[in-house]
Amino acid sequence: MAETPRPTHPLSVAEAWSVTADRAADTTFFFDFDGVLSPVTDDPEASQPVAAVPGVLEQLAASVRRVAIVSARPVSFLRSRFASLERVDLYGLYGLEVWHEGEVVTEPAALPWIPAMADLTERARAELPDAVLVEFKRLSVALHWRTAPQLAPVVERWGHEQAERLGLKIQGGRMVVELKPPVDQDKGMVITEGVRDAGCAWYFGDDMSDIKAFDALRAREAVDPAFFGVAVAVANPETGADVSNAADLTLESPDAVTAFLTDGLRRIQAQ
Ligand SMILES: [Mg+2]
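Residues numbered from 1 in each chain as written. Predicted model: local features only at pLDDT ≥ 70, side-chain atom pairs only at ≥ 80, totals over all residues. Heavy atoms only, no water.

Going by an unreviewed UniProt entry, the chain carries the name Trehalose 6-phosphate phosphatase and comes from Paractinoplanes rishiriensis. In its Function (unreviewed entry) section, UniProt records this for the chain: "Removes the phosphate from trehalose 6-phosphate to produce free trehalose." If you open the UniProt record of the chain and go to Cofactor (unreviewed entry), you find "Mg(2+)". (UniProt positions renumbered as here; feature names shortened; annotations may be inferred.)

The buried fraction of strand β9 (residues 176-180) is high, at five of five residues. The alternating pattern of β9 places Val176, Glu178 and Lys180 on one face and Val177 and Leu179 on the opposite face, and all of these are buried. Pairing of strand β7 (residues 141-144) with β9, which is carried by four bridges, proceeds in the antiparallel orientation. Among the inter-strand pairings, Val141 is bridged to a residue of β9, identified as Leu179. Relative to β9, strand β8 (residues 169-173) is paired through five bridges, and the arrangement is antiparallel. Its bridge partner being in β9, Ile170 is matched across the sheet by Leu179. Between β8 and β9, which pair antiparallel and follow one another directly, the connecting turn spans two residues, one of which, Met175, has a positive phi of 60°. (Buried < 20%, exposed > 50% of the residue type's maximum accessible area, 1.4 Å probe, protein only. Helix = DSSP H or I, 4+ residues; strand = E, 2+ residues; numbered from the N terminus. Pairing = 2+ DSSP bridges.)

Here we come to the packing of aromatic side chains. All told, the structure shown has 13 aromatic pairs when counted by the stated rule. Centroid distance Phe33 to Phe77: 5.6 Å. Interplanar angle 70°. Geometry classified as edge-to-face. One end of the pair, Phe33, is in the loop between β1 (27-31) and α2 (53-63); the other, Phe77, is in helix α3 (residues 75-81), and 44 residues separate them in sequence. There is no split in this pair, since Phe33 and Phe77 are both buried. Lying across the ring of Phe77, Arg73 places its NZ or CZ 3.9 Å from the centre. Just above the ring of Tyr94 sits the side chain of Lys180; from NZ or CZ to the centre is 3.8 Å. (Phe/Tyr/Trp six-rings, centres within 6.5 Å; stacked < 30°, edge-to-face > 60°. Lys NZ or Arg CZ within 6 Å of the ring centre and 35° of its normal.)

Looking now at the environment of Pro254. Within the secondary structure layout, Pro254 lies in helix α9 (residues 254-270). In sequence terms Pro254 and Pro54 are 200 residues apart; their C-alpha atoms lie 13 Å from each other. The residues touching Pro254, leaving out its near neighbours within four places in the chain, are Gly35, Val36, Leu37, Ser38, Pro39, Val50 and Val234. (Contact = heavy atoms within 4.5 Å.)

For the rest of this paragraph, the subject is the environment of Leu120. Checked against the element boundaries, Leu120 lands in helix α4 (residues 114-127). Its relative accessible area of 2% is what places Leu120 among the buried residues.

Ideal geometry at a metal gives 109.5 degrees between four tetrahedral donors and either 90 or 180 degrees between six octahedral ones. For the magnesium ion, the protein coordination sphere consists of Asp32 (OD), Asp34 (O) and Asp206 (OD), at 2.0 to 2.2 Å. On the primary sequence, the residues serving as donors to the magnesium ion are separated as D-x1-D-x171-D. Residue Asp32 is located in the loop between β1 and α2, and its partner Asp206 is located in the loop between β10 (200-205) and α7 (208-223); the two are separated by 174 residues in the primary sequence. Each member of the pair, Asp32 together with Asp206, is buried. (Donors = N, O, S within 2.8 Å, 3.2 Å for Na, K, Ca; no water.)

The next point concerns the domain arrangement of the chain. As assigned here, the chain comprises domain 1 (13-106 + 185-270) and domain 2 (110-180). In this complex, domain 1 contributes 24 residues to the contact, which on the side of domain 2 involves 19 residues. When domain 1 packs against domain 2, the two sides together hide about 1700 Å² of surface, and 55% of this comes from carbon and sulfur. Counting across the domain 1 and domain 2 interface gives five salt bridges. Between Arg73 and Glu135 there is a salt bridge, with the nearest N and O atoms lying 3.6 Å from each other. At the surface where domain 1 touches domain 2, the tally comes to 10 residue pairs in polar contact (both at pLDDT 80 or more). Residue contributions to the side of domain 1 that touches domain 2 peak at three residues, all from α7. Its residues placed into classes, the side of domain 1 that touches domain 2 shows eight nonpolar, seven polar and nine charged. (Domains from an automatic or database assignment. Buried area = accessible area lost by both parts, 1.4 Å probe. Salt bridge = Lys/Arg side-chain N within 4 Å of Asp/Glu carboxyl O. Polar contact = N/O pair within 3.5 Å; in protein donor to acceptor, adjacent residues only side chain to side chain. Nonpolar A, V, L, I, M, F, W, Y, C, P; charged D, E, K, R; others polar.)

Right under this line is the structure:
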C-alpha cells in the first residue's frame, strides 16, 4: 500500500494519526513530564502522572519505534514515577542525564558543576524568602514561586545575578526559574539527535523550553521533506499562547493528553 502523503501544516488530528499509523515502525513519541503527563502541583515533589499514563505509554512503546520522556526533572525522579516502564527511555535535566540500559549516564561536561549547584542551593535557601521553593537537582537548581506569585521579580532578579556571578545558564518556565551549568544541552538538542534517523516524530510540551523541541521537528522537516513532525501543546494559563502558537495541535490538559493517546493508539493498532 502506498504511504499517505505528508500533509502540510496546519493538519487535522485524523491526518496526523493516519500518517503516523502508516509509519508506526519508524515513529518516535517524545513527552515532557510536568504539565503534560502530570498536572502541575504546588509542591513539585508531590506530582504524579495521570493514572492511565504508564499503561498508555507502555502500549504505545510496543506499537511504535520508540517512546521517550524529556524532562527538566532528574532521571532519579522520573524513575520513581515510571519504575514499571521497561520500554520507555528517560532524558532528565534537559538531556544532561539519560537512563540507558538500567543506569543513569550523565553528560561528563556537567559533572564538575555538582558542588557549585549544591552551594547555590544553600545560598538560595538562605537568601530568598521562605515561600520560594528551592529544588536541588544535582546538576541544576530550580527556584519555584508557585505558592507566592508576587515574588516573581525578586526570584528572577536573584537568579540572573547568580547566573552572571557563576557563569550559569538560566531557563525560565511556569512559575519557576532554573539555573544550569553552561553546558550546551537543551530539549531541542535531544530531539535533533533523537529524530536523526526517524521518519516521523511527535513532541508534547507545555512550557517555554519545549518550544526548542518543536523547532527541532521543524528543522528536521526542512532538511528532509519525507520526515513528518507533529508538535502538540498542552494548554495552561501561565505560558499564555506562546507554546500553542508554536504547535500544530493544542490539548487542554494532561487528562486530555491521555485520552488523545488512547484514541491514537487504537488507530495505530487498527492499521
Ligand atoms: Mg512541562
